[in-house]
Amino acid sequence: MEETNTNFLMDLLNTPSPSSSEMAIQKRWIEYVRDFADEIRTDNAGNAFGVLNPEAPFKVLLAGHCDEIGLVINRIDDNGFLHFDKMGGINPKAAVGMKVTILGFSDKVTGVIGVNAQHHGGLKNDFGLEDLFIDCGYKSKEEAERHVQIGDLAVYKTEPEMLKNRSVSGRGLDNRTGAFIVAEVLKRLSEKGCNVGVYAASTVNEETNMGGAYFAAAGIKPTMAIACDVTFATDYPGVDKNKHGDVKLDGGPVLAKGAPINLKINQLLEKTARKLNMKVQYELTPRMTGTDADRMRFTGAGVPVSLVSLPLRYMHSPVETASLKDIEEEIELLVTMIAEMTGDESLNPLD
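Residues numbered from 1 in each chain as written. Predicted model: local features only at pLDDT ≥ 70, side-chain atom pairs only at ≥ 80, totals over all residues. Heavy atoms only, no water.

Caption draft 1: The overall build of the protein, seen in detail. Counting its secondary structure elements, the protein contains ten helices and 17 strands. For 351 residues, the compact-globule estimate of 2.2 N^0.38 gives 20 Å, and the C-alpha radius of gyration of the protein, at 21 Å, lies within 12% of that figure. Based on the C-alpha atoms only, the size of the protein along its principal axes is roughly 65 × 45 × 40 Å. Looking at the protein as a whole, 56% of its 351 residues are labelled buried. Look at the contacts in the protein between residues 6 or more apart in sequence, and 77% of them connect residues 24 or more apart. (Helix = DSSP H or I, 4+ residues; strand = E, 2+ residues; numbered from the N terminus. Rg over C-alpha atoms; globule rule 2.2 N^0.38 Å. Buried < 20%, exposed > 50% of the residue type's maximum accessible area, 1.4 Å probe, protein only. Contact = heavy atoms within 4.5 Å.)

Caption draft 2: Here's a closer look at the packing of aromatic side chains. Tallied over the entire structure, the rule returns five aromatic pairs. Geometrically, the ring pair formed by Phe8 and Phe180 is tilted, given 5.8 Å between the ring centres and 40 degrees between the ring planes. Placement of Phe8 in helix α1 (residues 3-13) and of Phe180 in helix α5 (residues 173-192) is noted, with a sequence separation of 172 residues between them. Here a set of aromatic residues connected by ring pairs shows up, and it is made of Phe8, Tyr32, Phe36 and Phe180. The side chain of Lys257 reaches across the aromatic face of Tyr282, ending 4.3 Å from its centre. (Phe/Tyr/Trp six-rings, centres within 6.5 Å; stacked < 30°, edge-to-face > 60°. Lys NZ or Arg CZ within 6 Å of the ring centre and 35° of its normal.)

Caption draft 3: Spatial organisation of the UniProt feature "active site" (unreviewed entry) in the protein. Taken from the UniProt record, the annotation "active site" (unreviewed entry) applies to Glu206. Mapped onto the elements, Glu206 comes out in the loop between β12 (197-203) and α6 (211-220). Given the relative accessible area of 8%, Glu206 is considered buried. Beyond its immediate sequence surroundings of up to four residues, Glu206 is in contact with His65, Asp67, Asp229, Gly290, Thr291 and Asp292. (UniProt positions renumbered as here; feature names shortened; annotations may be inferred.)

Caption draft 4: Quick peek at the domain arrangement of the protein. Looking at the protein, the domain boundaries give domain 1 (3-68 + 171-340) and domain 2 (70-156). Spacing between the C-alpha centres of domain 1 and domain 2 amounts to 32 Å. Contacts between domain 1 and domain 2 engage eleven residues on the former and twelve residues on the latter. Together domain 1 and domain 2 conceal approximately 950 Å² of surface at their shared face, both sides included; 72% is due to carbon and sulfur atoms. If you sort the residues of domain 1 by the area they bury against domain 2, Pro18, His316 and Pro318 come out on top, with a joint share of 43%. When its residues are assigned to classes, the side of domain 1 that touches domain 2 shows three nonpolar, five polar and three charged. (Domains from an automatic or database assignment. Buried area = accessible area lost by both parts, 1.4 Å probe. Nonpolar A, V, L, I, M, F, W, Y, C, P; charged D, E, K, R; others polar.)

Encoded structure:
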């Protein structure tokens, strides 16, 4: 990937964006996209859009959600320890012993997730978030409340890392990589040209309620929509491929197959992949996809949807890991497909 693009990706990954508090990352996303979009739009959910060809009747909506999983403070005890619940799919076992950044109402605060020493019995086997707490060094509830209040959010205090210049690892690749991908697709289409309207959306709240995707599709009323998200890679030790499928890093973008997915959109994606001599992988979504595609599909009169995913190791952990090659190929796949669309395509599977 170009150096400037990698810098933008790392900028997004370094910006805290827990679900329901995506304002900072959205401002960075808009700042980047503004240079090449015909229009910038926002809505009351907090979504950000970069638009090309806004007058075109055929509208393609690309949605990559920018929110990440996080913690939400739900109690401050008399000794100044902070107790928390999850904002999205937090794994308690991955949280043990982590540093966190609390996005306090007055400033950012560093804390550590404490754990009972093994010498004192350690954690019970079936522990949950209610057994954990954050230690910020406060001596009392009163001291803590000068910096933190109920409802404040926190994220793991980690920095993204490049692994051998072929993979990127860190927290929240799910799905700030998707917000990055839709921005890059828009940028390249602005240079390459296209016949259809393109609406690249950095959506909010996917990790908690997918409300951003609903607002996005209901407001844009697209002809078709593609969710750009992540999916489970199964190429590391301990994963049962017979149960969870065979999805690899560096294996190419992953297309979904199942009842929610529009066959015609998938055929366009597959045709483009063949033209590019690009390998694609598949995942099954028999009933629902568990992504923004589900909410976009059920807006207005109904929206034909597809899902293109990035293989991701260690989902919802502080060290999610993805391939730069897969990111680049997903961008190339979407750019090439959309650039070749005429706007007369039928998405009716019976045509």
